[in-house]
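Below, each chain spelled out in residue letters.
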Amino acid sequence: MLDIVTLITIFVLAIYVGFEVITKVPPTLHTPLMSGSNAISGVTIIGAILSAGSHQDPTLTTWLGVTAVIFATINVVGGFMVTHRMLKMFSKGKKR
Amino acid sequence: MNFQNILHSVFAAVGQSTSGTMDFRTSMVNLAYLVAAVLFIMGFKGLSHPRKAVRGNMLGSIGMLIAVLVTLINKDIIDYRWIMIGLAVGGSIGVLLAVKIEMTSMPELVGLFNGLGGGASVMVAGGALIESTIGGVNPTMQLMVATSASGLIGAITLWGSLVAFGKLSGKITSSAILLPARHLINIVLALAAITMAVMIVQDPTNMMNYWILVGIASVLGILAVIPIGGADMPVVISLLNSYSGLAAAATGFVLSNTGLIIAGSLVGASGLILTKIMCVAMNRSLANVIFGVLGAEEGAATADEIYAGKVKSTSGDEVAMILEDAQRVVIAPGYGLAVSQSQHQVRDLMNLLEAMDIEVEFAIHPVAGRMPGHMNVLLAEADIPYEKLKDLEEINTTFAETDVVIIIGANDVVNPDARKETGPIAGMPILDVDKARTCIVIKRSLSPGFAGIPNPLFAMDSTLMLFGDGKKALLEIITALKEAS
């Protein structure tokens, strides 16, 4: 297990990076920003996979894990795809 | 020193020297998470311009793919069956939702996705708690605190988002539902949740404590969003977006997983920024949105006093005649555009006007619609170039030189009363449409907007009301314009 101080350091620095990068997103792209960041918050899928695959015979952990995998996968796949759909509309508008 | 010892020391150097348990493979996996995190950041960076945005989103999704693939080769995974089933089921539902959804329904879809992310965090943290107590090993303080945070934030996100989803999709009334003594109830629930969290830290082996915490947080999530009405939804959706990220980050602390922590905090930051932008756009504090209720004040002018005898109703033909003489037209859409799904008619009107050498631009208020950027997405769907969509500051300098403003289903964001010292929307930045020569307001009735106050704009000499559904009204104008030309 990583040192708690290391983890907190990563957490705080990542929040700062987030603030810096996301302040530059123009208002016109705020909806894709939400759905895209939504997809990224589905990163819990990593934990869900570990949970769902940790036992040979299914236990409560497995079931929690599988449900979490389903939830997170909907979030990730749906989120990235719908963001892509929206962003395509924006770049299409450009060519006109 | 034999060969094995050398290898061992190399691996130890690559891995974490403090823990000593990390082997070469774990280090590689963590490096892969770092690559994924960098791709996420590049993805967000791509969103700084519409032209680079598609590629940015691609980079983000590649980052996620890498994160998932390296997780699948983790040595702790001994059974792939359930993982594959979960991925297949979730993936199909996700694809279906993403392909089928109407652009006008984007806010509720984003709300739903937020909730699912939060729900996943609750279950992953719960699973980790069970596993940590199974071996008889005493879980660390860090694990317990992080698990409690994950369960608490995750459950609030899940249930708050489900209520938001219900409100946005019209399954629950979108007006504010107020319980008596709701602040007291919420305070009691919050205290109960904190008590449960402390109990979890003290006695990790009692799984029941965790589920009670999740239950309390769920009720808290529902009660927190239920009293919030329609036009405040952009704030709530942004805030829940932030929570879903923070829940993922908390789960990262549970699993000591840097990938989760970085991605989660990026999303948390993103949601917080959007929340702040939305609050500024309404000149209200976050606390005011969550705890306060908008409403007409005592002694304020009533609708009858303001509107009586002064509201002029118009027809599509008359609007067409006014438009023919115009040189510059600004269209200001509001939630009514989404309700009537009239973005394509707006595009047709724009094309007609431009064919007549009339300059057309769009005025987008930050909180128009039900989520940040809602109007932009709808207009982009109708192939309206994003260069024509102007934000508040930019468009407000141009209204004095604008001949006609067409307001479609917007109310509070064009209410000149916001410039007054007092009142429920005092100080809220508005579109200065009243400075234009003529205002055409397309609206179904004179009913007040979310703030519940009458709008003096509708009674101004320069304002004409075109009553009716947005789509029908626009079609009338388009038909009249075509006949005239």
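1. Topic: the overall build of chain B
Within chain B one finds 18 helices and six strands. Projected onto the principal axes, the alpha-carbon positions of chain B cover approximately 95 × 50 × 35 Å. Taking all 485 residues of chain B together, the buried fraction comes to 50%. Considering only contacts in chain B between residues 6 or more positions apart, those separated by 24 or more positions represent 79%.

2. Let's talk about the sheet that holds strand β1 (residues 328-333) of chain B
Residues and elements named next belong to chain B. Pairing is parallel across the open sheet formed by six strands, whose spatial order is β3-β2-β1-β4-β5-β6. The sheet is open, and its two borders are formed by β3 (389-391) and β6 (463-467), each paired with just one other strand. Sheet twist, expressed as the mean angle between neighbouring strand axes with direction ignored, is 25°. Looking at chain direction, strand β4 (residues 404-408) and strand β5 (residues 438-443) are connected through five bridges and run parallel. Paired with Ile-408 across the two strands is Ile-442, which belongs to β5.

3. Examining the packing of helix α9 (residues 233-255) of chain B against helix α10 (residues 258-282) of chain B
Residues and elements named next belong to chain B. Running from N to C, α9 and α10 point in directions that differ by 160°, and their axes come no closer than 7 Å. As summarised for this structure, α9 and α10 are arranged roughly antiparallel, according to the angle between their axes. By crossing handedness, the relation of α9 to α10 is classed as left-handed. Tallied by class, the residues present in the contact of α9 with α10 amount to 17 nonpolar, 13 polar and no charged.

4. Brief notes about the interface of chain A and chain B
Taken together, the contact pairs 83 residues of chain A with 100 residues of chain B. For the side of chain A that touches chain B, the element with the most residues is helix α4 (residues 60-95) of chain A, which contributes 34 residues. Classifying every residue of the side of chain A that touches chain B by side-chain character gives 46 nonpolar, 30 polar and seven charged.

5. Focus: helix α13 (residues 316-324) of chain B
In an α-helix, one full turn covers 3.6 residues, which means residues spaced three or four apart are oriented alike. Residues and elements named next belong to chain B. Taken together, the buried positions of α13 are Gly-316, Val-319, Ala-320 and Leu-323. The buried residues of α13 occupy an angular sector of 100° when projected down its axis, which confines them to one face. Residues of α13 that are buried in the fold lie against β1, α15 (343-355), β4, β5, β6 and α18 (470-484).

6. Examining the environment of A:Thr44
Along the polypeptide, A:Thr44 turns up in the loop between α2 (30-41) and α3 (45-52). Once the C-alpha coordinates of A:Thr44 and A:Asn75 are considered, the two residues, 31 residues apart in sequence, prove to be 9.8 Å apart. Beyond its immediate stretch of four places on either side in the chain, A:Thr44 contacts A:Ala68, A:Ala72, B:Gly117, B:Ala120, B:Ser121, B:Val124, B:Ala248, B:Thr251 and B:Leu260.

7. Focus on the nonpolar core
Counting residues in hydrophobic clusters, the biggest one holds 188 residues, and the most contacted among them are A:Val69, B:Val405, B:Ile407 and B:Ile440. Here this core gets 17 residues from one element, more than from any other, and that element is α4(A). In this view, B:Val405 contacts B:Val330, B:Ala332, B:Phe399, B:Val433, B:Ala436, B:Cys439 and B:Ile440; residues no more than four positions away in its chain are not counted.

8. Digging into the confidence of the model for chain A
On average, residues of chain A score 89 in pLDDT, and 93% of them are at 70 or above. Per-element confidence in chain A is highest for α3(A), whose mean pLDDT is 93, and lowest for α4(A), whose mean pLDDT is 88.

9. Topic: unusual backbone geometry
Residues and elements named next belong to chain B. The phi dihedral of Ser-256 is positive, around 55°, even though this residue is not glycine. Note on placement: Ser-256 falls in the loop between α9 and α10. For Ser-256, a count of 21 C-beta atoms within 10 Å gives the class buried. Look at Asp-357: it is not a glycine, yet its phi comes out positive at around 60°. In this fold, Asp-357 is placed in the loop between α15 and β2 (359-364).

Rules and cut-offs
Residues numbered from 1 in each chain as written. Chains lettered and ligands numbered in written order. Predicted model: local features only at pLDDT ≥ 70, side-chain atom pairs only at ≥ 80, totals over all residues. Helix = DSSP H or I, 4+ residues; strand = E, 2+ residues; numbered from the N terminus. Buried ≥ 20, exposed ≤ 12 C-beta atoms within 10 Å, placed from the backbone. Contact = placed C-beta atoms within 7 Å. Pairing = 2+ DSSP bridges. Axes fitted to C-alpha atoms, helices over the stretch in contact; angles between N-to-C directions. Parallel < 35°, antiparallel > 145°, perpendicular 65-115°, else oblique. Left-handed = near helix turned anticlockwise from the far one by under 90°. Nonpolar A, V, L, I, M, F, W, Y, C, P; charged D, E, K, R; others polar. Arc of directions from axis to C-beta. Core = buried A, V, L, I, M, F, W, Y, C linked by C-beta atoms within 7 Å. pLDDT = per-residue confidence, 0-100.

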